[in-house]
Structure formats: structure tokens, C-alpha cells
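Chain by chain, the residues run as shown.
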Amino acid sequence: MRKLPEFLGFVAVVQGVAGLVAEFSDWRWGLVQRIGLLDGRELYASVCLLILGGALFAAAERLKSG
């Protein structure tokens, strides 16, 4: 049961880091840059993905211990 939150957390963290790297460099990759709805808000979306990834990892740990 905890594999899904761990996997989704990993994907969210990777996409958040990719968004931050793309925001501060010219290296354009990741899901955040491809969504037109987020134009101008890529930095905020990337930080939110990092927070979501951390929350999913915490949920996976909670499932493991409980």
C-alpha cells in the first residue's frame, strides 16, 4: 500500500526540482514548463510539487509504521 505514495512522492519531487532548475537556468525540461496554464507561475508550482512530494513521503512512512 505504501508503494504508490512513495512513487508519486518521488515523481512530484523530481518534477519540482526540474521546475526549479528550469526556472533558474535555460535548461527546459519537466512537466511544469509544458503546462500552459502555469505560464508565469512555474516557480510557485515547482515549490508546491516539492511540498506535495514531502507530504507523500510522510504519508508513506505513516502507512509503513501503522
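Scroll up a little and you will see the structure.
Quick look at the structure, then. For clarity, every value in this text was computed on a predicted model and none was experimentally measured.

## Things to note about the environment of V11
Mapped onto the fold, V11 is located in helix α1 (residues 3-24). For the pair V11 and L50, spaced 39 residues apart in sequence, the C-alpha separation works out to 9.6 Å.

## Things to note about the environment of A22
Along the chain, A22 turns up in helix α1. Look at A22 and you get buried, because its relative accessible area is 0%. A sequence separation of 15 residues divides A22 from L37, and the C-alpha atoms of the two residues are 17 Å apart. Apart from the residues within four sequence positions on either side, A22 is in contact with W27, R28, W29 and Q33.

## Notes on helix α2 (residues 42-65)
Taking 1.5 Å of rise per residue, 24 residues should cover 34 Å, and α2 covers 35 Å from first to last C-alpha, within 8% of that figure. For α2, every residue scored as buried is listed here: E42, A45, S46, G53 and A60. Residues of α2 that are buried make contact with α1.

## Points about the pattern of salt bridges
Applying the stated criterion across every chain yields a total of 1 salt bridge. A salt bridge links E61 to K64, with the nearest nitrogen and oxygen atoms 3.1 Å apart. Pair noted here: E61 and K64 are both in helix α2, with a separation of 3 residues, about one helical turn. Classification of E61 by relative accessible area gives partly exposed; the value is 43%.

## Some details on the side chain of Q33
Within the secondary structure layout, Q33 lies in the loop between α1 and α2. Judged by relative accessible area, Q33 falls into the buried class, the value being 19%.

## Side note on the environment of V14
Mapped onto the elements of the fold, V14 is located in helix α1. Classification of V14 by relative accessible area gives partly exposed; the value is 30%. Counting along the chain gives 17 residues from V14 to L31, while the straight-line C-alpha distance between them is 9.8 Å.

## As for a nonpolar patch on the surface
A cluster of nonpolar side chains, L4, F7, L8, F10, V11 and F57, forms an exposed patch at the surface whose accessible area comes to about 580 Å². Of the residues forming the nonpolar patch, the biggest block, 5 residues, is contributed by α1. Mapping F10 onto the fold places it in helix α1.

Thresholds, definitions, all that
Residues numbered from 1 in each chain as written. Predicted model: local features only at pLDDT ≥ 70, side-chain atom pairs only at ≥ 80, totals over all residues. Heavy atoms only, no water. Helix = DSSP H or I, 4+ residues; strand = E, 2+ residues; numbered from the N terminus. Buried < 20%, exposed > 50% of the residue type's maximum accessible area, 1.4 Å probe, protein only. Contact = heavy atoms within 4.5 Å. Expected span 1.5 Å × (residues − 1). Salt bridge = Lys/Arg side-chain N within 4 Å of Asp/Glu carboxyl O. Patch = residues over 30% accessible without salt bridge, like charges linked within 9 Å, V, L, I, M, F, W, Y side chains within 5 Å. Areas by Shrake-Rupley, 256 points an atom, 1.4 Å probe, with all protein chains shown as cover.

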